[in-house]
Amino acid sequence: MRIAPLSFFVTATLMAAGVFAQDTATVNAVESELAVKQTELDNYTQILNKHISEEARLQSQLALLRTRSSELDKEKNQALDAMNELYRRLIDDPSIDITAAQTRYQQAVATHKQNKDDISMQLAAIASHRKDIEQIRITKHTLVNTLESLKDQLSTARVERLRNEFTREGTLEVEHTINCKRTETLAACEQRGQQLGLQKATKRFIDQVFANLTEQRIVEPKRNIAGAQVQVVNSHVVGSAFSGQGNYSVNLSVTMRGDMNNSRLCSLLNLDNRFCSEYGTPLSMGYQASYPTTFSDTQLTFKDSTDNIGQVEVAKVQQQPIIEVNTPRVANTKSTPSPEVNSVSVTLRSNVYDDEVFINGVSYGSTKLTVKVPKGIHDIEVRKLGYQPYKAQVNIRKAQTINARLSKKPESIAAPTPKSEQNTKPIKLATSTVTSASNNGIVIIPAGTFKMGDLTGNGLANERPVVEKVLSNSYAMQNTEVTVAQFRSFITSTGYQTEAEKGKGCAYYKNGEPIWELDYNWNNPGFKQADNFPVVCVSYEDAKAYANWLSGEKGQQFRLPNEVEWEYAARASTASEYPWGNEIGKNLANCGWCGSEYSNKSAAPVGEFPPNNYGLYDTVGNVWEWTQKRASQDDVTVRGGAWNFAPSLARVSTRLALAADFRANYIGFRLVRER
């Protein structure tokens, strides 16, 4: 009989109506909002630059006025001396005319007074300008945080769209012809023909899935690591026949659904793995009882199931086997016999949560995890920050479960402690003995050299250029932020009133901007806190006041760290964005959308998360930390990010400039001790 050429038909009844349009609409909406906010930020940047330039001009004018004030003061004194001299001569000679001297002195006094008034007006103008600059900077910071949050939303939306596109479901019709072997029976030839046809269908299906991805240009080059699979929902023979030449042809109708190891989605889109951490298992979907009529190859558009298309009946699904695209075998379907399987299921468990599984160097997400792998030897590794990794080489021949046990690494300070420090008694801060992270201990930061600033190119403009810094001497730093209990001891001892208590309260973040609340202060920051939480709602001057008090109490000099000291200590001999790498991960720190129980809710107790290599806790997130300003600075810089700011703003080089009297429930501090 005449065999028709290979034909390929497929349609997608992938999800509920409009899902893909909704996915793209969501991505487009976030991108549009990003563009709007970026324009706002650019405008505010321009306005800020103009204000800064204007302030520089006002300061220059003020300098000229002050210089002129000295000159006018000198002129006034000279005019006074000349007039006094004429007054003395007038006593002996009443005919002397002193009018010119009087006029000169009067003009000198008037000019000097006018210059003083001009200086006062100039100072008022500069002060007003400074307030405008401070407000613009705060607005800029909120816009930056909003932008970074939108970027996170965009990444999440892109991952969700890709996940839905990979889990497309549709019906494919394919014809295939083979030559029967002389040594095989007709039944065996028929089985082989159907099996090869099914393999061809699955390959064609996954090809079309990749071809119709919205971000196909980004994903296609990484296809070999995608781990995409096909689930055969149902298949049946539409028609088949043997020819007189010993050929067998079969026309198969196959209903399939794409499947994906969701932990790989982020790698395909070049995104931080935290955006895929919630996808531990493939999406579970109910299968349809019927499907639209098929389309030809050229008509393929993956239309939604609500399109007005005729229906064709498909047998009810009883099995949902998984077929790995890269393997030569396909899984059993309702209408075809089961072939030999070259891949087996492996289940991995561990004694920790939020870990990460690597098989042959490829990340598969966290345990509990079940994956299909080819039979053979595989390198298995399970990692978690702060734990010794589990590593094993396993010869996998059949389905099995691997139980990985990870042991916690001993917490230690990488920097060596000088002998002069080793034999001293524990240092007391406030009223408690400092011996643990929650009690705010002291660690020694060694001398050294490092590169300061945006090392990866992902930072803000004020993090550039990168500059090499040298710290010739070691110094001591508190390993956590100053706590509520410690600050209370200071208040109790001195009766000090913070600026929040004396002024307009403390700011908190609402709808993307700081709002002032009169009742908020260090003891009532707007969220529940305990004694071991970092103190917040304190200004730069409040932090300095605490440092001065502590210095008197201990007989040693405590102060805020300068920016170089802070970044050097926070980097702890690393060159990455965070102490553990360039990705924020999940539940490794308390910042917005960082996956901790405190994220976007409140500060966390100090020392809640693993320390860096120098033994410092919470240099990433929790609360921004004040740093010591230089004499030439008008603003003060905060570092480290906070519980309600985007992860990208918790990078080690991120810096925000604020007015010295600003205070918020996301800003605290830690101190260094001079040696």
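The structure presented is a predicted model; accordingly, all values stated were derived computationally and were not measured.

Cut-offs applied
Residues numbered from 1 in each chain as written. Predicted model: local features only at pLDDT ≥ 70, side-chain atom pairs only at ≥ 80, totals over all residues. Heavy atoms only, no water. Phe/Tyr/Trp six-rings, centres within 6.5 Å; stacked < 30°, edge-to-face > 60°. Helix = DSSP H or I, 4+ residues; strand = E, 2+ residues; numbered from the N terminus. 1 Å grid on protein atoms, 1.4 Å probe; cavity = no way out; pocket = protein on both sides within 12 Å on 5 of 7 lines; lining within 4 Å. Points joined across faces, edges and corners; volume = space filled by probe spheres on them. Polar contact = N/O pair within 3.5 Å; in protein donor to acceptor, adjacent residues only side chain to side chain. Buried < 20%, exposed > 50% of the residue type's maximum accessible area, 1.4 Å probe, protein only. Contact = heavy atoms within 4.5 Å. Pairing = 2+ DSSP bridges. Axes fitted to C-alpha atoms, helices over the stretch in contact; angles between N-to-C directions. Salt bridge = Lys/Arg side-chain N within 4 Å of Asp/Glu carboxyl O. pLDDT = per-residue confidence, 0-100. Nonpolar A, V, L, I, M, F, W, Y, C, P; charged D, E, K, R; others polar. Core = buried A, V, L, I, M, F, W, Y, C linked by side-chain atoms within 4.5 Å. Disulfide = S-S within 2.5 Å.

### Overview of the packing of aromatic side chains
All chains considered together, the criterion is met by 21 aromatic pairs. Ring geometry for Phe242 versus Tyr248: centroids 4.7 Å apart, planes at 45°, classification tilted. A ring pair is formed by Phe450 and Tyr568, whose centres lie 5.2 Å apart and whose planes are at 50°; its orientation type is tilted. Here Phe450 is found in strand β20 (residues 448–452), whereas its partner Tyr568 is found in helix α11 (residues 563–571), with 118 residues between them in sequence.

### Points about empty space enclosed by the protein
Going through the model one piece at a time under the given rule, you end up with 4 cavities of 30 Å³ or more. Approximately 80 Å³ is the volume found for the largest cavity. Looking at the largest cavity, the residues that line it are Ile138, His141, Thr142, Pro514, Trp624, Val638, Phe645, Leu656, Leu658, Phe662, Tyr666 and Ile667. Mapped by element, the contributors of at least two residues to the lining of the largest cavity are α2 (99–166) and β28 (655–658).

### Quick notes on the environment of Trp643
Inspection of the secondary structure puts Trp643 in the loop between β27 (636–639) and β28. Considering only alpha carbons, one finds Trp643 and Ser596, 47 residues apart in sequence, at a separation of 9.5 Å. Here Asn665 takes part through its backbone oxygen, which lies 3.2 Å from a polar atom of the side chain of Trp643.

### Things to note about the side chain of Arg158
Along the chain, Arg158 turns up in helix α2. Since its relative accessible area comes to 15%, Arg158 is described here as buried. Beyond its immediate stretch of four places on either side in the chain, Arg158 contacts Val27, Glu215, Ile218, Leu269 and Leu271.

### Quick word on the sheet that holds strand β22 (residues 475–478)
In spatial order, the strands read β19-β22-β30-β25; together these 4 strands make up an open sheet with antiparallel pairing. Where the open sheet ends on each side, the last strands, each with one partner, are β19 (442–445) and β25 (558–559). Two strands pair when backbone bridges link them, and β22 and strand β30 (residues 672–673) are joined in this way by 2 bridges, in the antiparallel orientation. Bridge pairing links Ala476 to Arg673 in β30. Set on the sheet, α11 makes contact with β19, β22, β25 and β30; between it and β22 the angle comes to about 75°.

### Overview of the pattern of salt bridges
Considering all chains together, one arrives at 31 salt bridges under this definition. Its salt-bridge partner being Arg274, residue Asp152 comes within 2.9 Å of it at the nearest N-O pair. Here the residue Asp152 occupies a position in helix α2, and Arg274 occupies one in the loop between α6 (265–268) and β5 (290–292), the gap between them amounting to 122 residues. The buried category is assigned to Asp152, whose relative accessible area is 11%. Residue class for Arg274 comes out buried when judged on its relative accessible area of 14%. Arg651 is paired through a salt bridge with Glu463; the nearest N and O atoms lie 2.7 Å apart. Pair noted here: Arg651 is in the loop between β27 and β28 and Glu463 is in the loop between β20 and β21 (467–471), with a separation of 188 residues, a long-range link. With a relative accessible area of 4%, Arg651 lands in the buried category. When salt bridges that share partners are traced, they join Glu563, Glu567, Arg571, Arg639 and Arg655 into one network.

### Considerations on unusual backbone geometry
With an omega of 0°, the peptide bond between Arg464 and Pro465 qualifies as cis. Topologically, Pro465 is positioned in the loop between β20 and β21. Although it is not a glycine, Asn587 adopts a positive phi angle of roughly 60°. With respect to the helices and strands, the residue Asn587 is situated in the loop between α11 and β26 (624–626). The partly exposed category is assigned to Asn587, whose relative accessible area is 22%. In this structure, Asn622 takes a positive phi of about 70° despite not being glycine. Take Asn622: it is sitting in the loop between α11 and β26. Judged by its relative accessible area of 0%, Asn622 is buried.

### What to know about the confidence of the model for the protein chain
Confidence in the prediction of the protein chain, expressed as mean pLDDT, is 81, and 82% of residues score 70 or more. The low-confidence segment residues 280–341 (pLDDT under 50) makes 145 contacts with residues lying over four places distant or belonging to another chain. Across residues 411–439, where pLDDT falls below 50, the model places 61 contacts with residues more than four positions away in sequence or in other chains.

### Description of the sheet that holds β26
Two modes of strand pairing occur in sheets, parallel and antiparallel, and in both the strands are linked by backbone hydrogen bonds. Judged by pairing direction, the sheet is mixed, and its 4 strands sit side by side in the order β28-β27-β26-β29 without closing on themselves. Edge strands, defined here as strands with exactly one partner in the open sheet, are β28 and β29 (667–668).

### What about the layout of surface pockets?
Taken as a whole, the second largest pocket spans an internal volume of roughly 1,100 Å³. Contributing to the lining of the second largest pocket are 46 residues, with Glu148, Gly459, Leu460, Leu649 and Arg651 lying nearest its centre. If you list the elements that add at least two residues to the lining of the second largest pocket, you get α1 (19–92), α2 and β28. Ranked by residue count, the leading element in the lining of the second largest pocket is α2, at 11 residues. Residue classes in the lining of the second largest pocket are distributed as 17 nonpolar, 14 polar and 15 charged.

### Observations regarding the nonpolar core
Among the nonpolar cores identified, the biggest contains 57 residues, and Phe487, Tyr546, Trp624, Trp626, Tyr666, Ile667 and Phe669 are the most heavily contacted of them. For this core, the secondary-structure elements that each account for two or more residues are α1, α2, α8 (484–494), β23 (506–510), α10 (540–554), β26, β27 and β28. Once residues lying within four places of it in the same chain are set aside, the contact partners of Tyr666 are Tyr508, Tyr509, Pro514, Val536, Val623, Trp624, Ala642, Trp643, Asn644 and Phe645. Core analysis: the second largest hydrophobic core is formed by 32 residues, Ile178, Leu198, Val219 and Phe275 among them.

### Quick word on the state of the cysteines
Here the structure, examined in full by the defined rule, presents 4 disulfides. Linked covalently through their sulfurs, Cys506 and Cys537 form a disulfide whose S-S length is 2.1 Å. The disulfide joining Cys506 to Cys537 has a torsion of about -80° about its S-S bond and is therefore left-handed. Of this pair, Cys506 sits in strand β23 while Cys537 is found in the loop between β24 (513–517) and α10, placing the two residues 31 residues apart along the sequence. Classification of Cys506 as buried rests on a relative accessible area of 0%. Each disulfide of the protein chain joins two cysteines, and with those cysteines numbered along the sequence the arrangement is 1-2, 3-4, 5-6, 7-8.

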